[in-house]
Amino acid sequence: MLSHERVWAAIDALAERYSLSASGLAKKAGLDSTAFNKSKRQSVDGRPRWPSTESLAKIIDATNSSLEEFLGFVEPAKAAGKARGREQAAGVPLLGFAQAGAGGFFDDAGFPAGQGWELIELPARATDSSYALEVQGDSMLPLYRNGDVLIVEPGAAVRKGDRVVVKTISGEVMAKVLERQTQSVIDLVSLNPEHPNRRFQVTEVEWVARIVWASQ
């Protein structure tokens, strides 16, 4: 079922996929630059305001995308589930770390969204919301090697000592060990001792997801 929140989130995800702001997407589609502003998503009396079908058609056309791609942003879990149904039942969406920082592959909660994901068969431990990231390069040695596949579970509770994938607001994606998380800061320990540990303000982090399995 379509929801007001998911439709607007899909517009934001489509804009991010094509390296645009919501305002930039509106202008590219020939709409008023404020058409997708946060303030335009509620009416003055607080009721939800929906984007028109005409504006949706225009942004899909302007980005040369498709209705299927847009609906993948609206219901990413269902889109991924349909894709898996065409393949192995134990398959999960797979993406390389180098691509993960690009816009449009995740929704605001860190779940896979849109198209561009491959499918990979993995153990039954994977759930409907799991996805896989392929390690690229040696920045995670000695724990993870180039080509290893990490199974990530968005929405799972994370605790001190957990291995996690973190995406920052700036688009940086990294695998670290969660050292500490407070209401204001997140401290991360690097898997590779040659790389520095990191500290982020909570406002700098888009999402944190736990690594539940790795192929090695």
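How each quantity is defined
Residues numbered from 1 in each chain as written. Predicted model: local features only at pLDDT ≥ 70, side-chain atom pairs only at ≥ 80, totals over all residues. Heavy atoms only, no water. Salt bridge = Lys/Arg side-chain N within 4 Å of Asp/Glu carboxyl O. Helix = DSSP H or I, 4+ residues; strand = E, 2+ residues; numbered from the N terminus. Buried < 20%, exposed > 50% of the residue type's maximum accessible area, 1.4 Å probe, protein only. Core = buried A, V, L, I, M, F, W, Y, C linked by side-chain atoms within 4.5 Å. Contact = heavy atoms within 4.5 Å. Phe/Tyr/Trp six-rings, centres within 6.5 Å; stacked < 30°, edge-to-face > 60°. Axes fitted to C-alpha atoms, helices over the stretch in contact; angles between N-to-C directions. Parallel < 35°, antiparallel > 145°, perpendicular 65-115°, else oblique. Left-handed = near helix turned anticlockwise from the far one by under 90°. Nonpolar A, V, L, I, M, F, W, Y, C, P; charged D, E, K, R; others polar. Pairing = 2+ DSSP bridges. Arc of directions from axis to C-beta. pLDDT = per-residue confidence, 0-100.

Draft legend 1. Highlighting the pattern of salt bridges. With the rule as written, the count across this model stands at 10 salt bridges. A salt bridge links Asp-12 to Arg-41; the shortest N-O distance between them is 2.8 Å. A residue pair is termed long-range when its members are at least 10 positions apart, and Asp-12 in helix H1 (residues 4-17) and Arg-41 in the loop between helix H2 (22-28) and helix H3 (53-62) qualify at 29 residues. You'll find Asp-12 and Arg-41 in the same group, each marked buried. Here Glu-16 makes a salt bridge to Lys-167, at a shortest N to O gap of 3.6 Å. Placement of the pair is Glu-16 in helix H1 and Lys-167 in strand S5 (residues 163-168), with a sequence separation of 151 residues. The class of Lys-167 is buried, set by a relative accessible area of 2%. Through salt bridges that share partners, Asp-12, Lys-38 and Arg-41 make up one connected network.

Draft legend 2. Spatial organisation of the environment of Glu-121. Looking at where Glu-121 falls in the secondary structure, it is placed in strand S2 (residues 118-121). A relative accessible area of 52% means that Glu-121 is categorised as exposed. Separated by 29 residues in the primary sequence, Glu-121 and Val-92 place their C-alpha atoms 6.5 Å from one another.

Draft legend 3. Broad picture of the nonpolar core. Counting 22 residues, the largest nonpolar core has Phe-97, Phe-106, Tyr-131, Leu-133, Tyr-144, Leu-150 and Val-165 as its most contacted members. If you list the elements that add at least two residues to this core, you get helix H6 (97-100), strand S3 (131-134), strand S4 (149-153), strand S6 (173-181) and strand S9 (205-215). Ranked by residue count, the leading element in this core is S9, at four residues. For Leu-133, the contacting residues outside a window of four places in its chain are Leu-94, Leu-95, Phe-97, Ala-100, Asp-148, Val-149, Leu-150, Val-152 and Val-165.

Draft legend 4. Structural view of unusual backbone geometry. The linkage connecting Leu-141 with the following residue, Pro-142, adopts the cis geometry, with an omega of 0°. Structurally, Pro-142 is set in the loop between S3 and S4.

Draft legend 5. Structural context of the packing of aromatic side chains. One pass over the full model with this rule turns up three aromatic pairs. Among the aromatic residues, those joined into a ring-pair cluster are Phe-106, Tyr-131 and Trp-207.

Draft legend 6. Layout of the packing of H1 against helix H4 (residues 67-74). Two numbers describe how H1 lies on H4: the axes approach to 8 Å, and their chain directions differ by 120°. Relative to H4, H1 is oriented oblique. Every pair of crossing elements has a handedness; the one defined by H1 and H4 is right-handed. For the pair H1 and H4, the contacting residues are Arg-6, Val-7, Ala-10, Ile-11, Ala-13, Leu-14 and Arg-17 in the first and Glu-69, Phe-70, Phe-73 and Val-74 in the second. Across the contact of H1 with H4, the residue classes tally to eight nonpolar, no polar and three charged.

Draft legend 7. Just the pairing of strand S7 (residues 185-190), in detail. Taking burial as the measure, the six residues of S7 include five buried ones, the bulk of the element. Relative to S7, S6 is paired through five bridges, and the arrangement is antiparallel. By the bridge assignment, Lys-176 is partnered in S7 with Ser-190. Here four bridges tie S7 to strand S8 (residues 198-201), and the two strands are oriented antiparallel to one another.

Draft legend 8. Examining H3 more closely. Residues of H3 that are buried: Ser-55, Leu-56, Ile-59 and Ile-60. When H3 is viewed along its axis, its buried side chains cluster within an angular range of 135° and face the same direction. Counted as exposed and oriented over 90 degrees from the buried face of H3: Thr-53, Glu-54 and Asp-61. Positioned one or two residues after H3, Asn-64 has a phi angle of 55°, which is positive.

Draft legend 9. Spatial organisation of the confidence of the model for the chain. For the chain, per-residue confidence averages 83 on the pLDDT scale, and residues scoring 70 or more make up 87% of the total. Low pLDDT (under 50) marks residues 79-89, which in the prediction has 13 contacts with non-local residues, meaning those over four places away or in another chain.

Draft legend 10. Inspection of the environment of Asp-128 at higher detail. Within the secondary structure, Asp-128 sits in the loop between S2 and S3. The spacing of Asp-128 and Val-92 is 36 residues in sequence and 7.9 Å in space, taken between C-alpha atoms.

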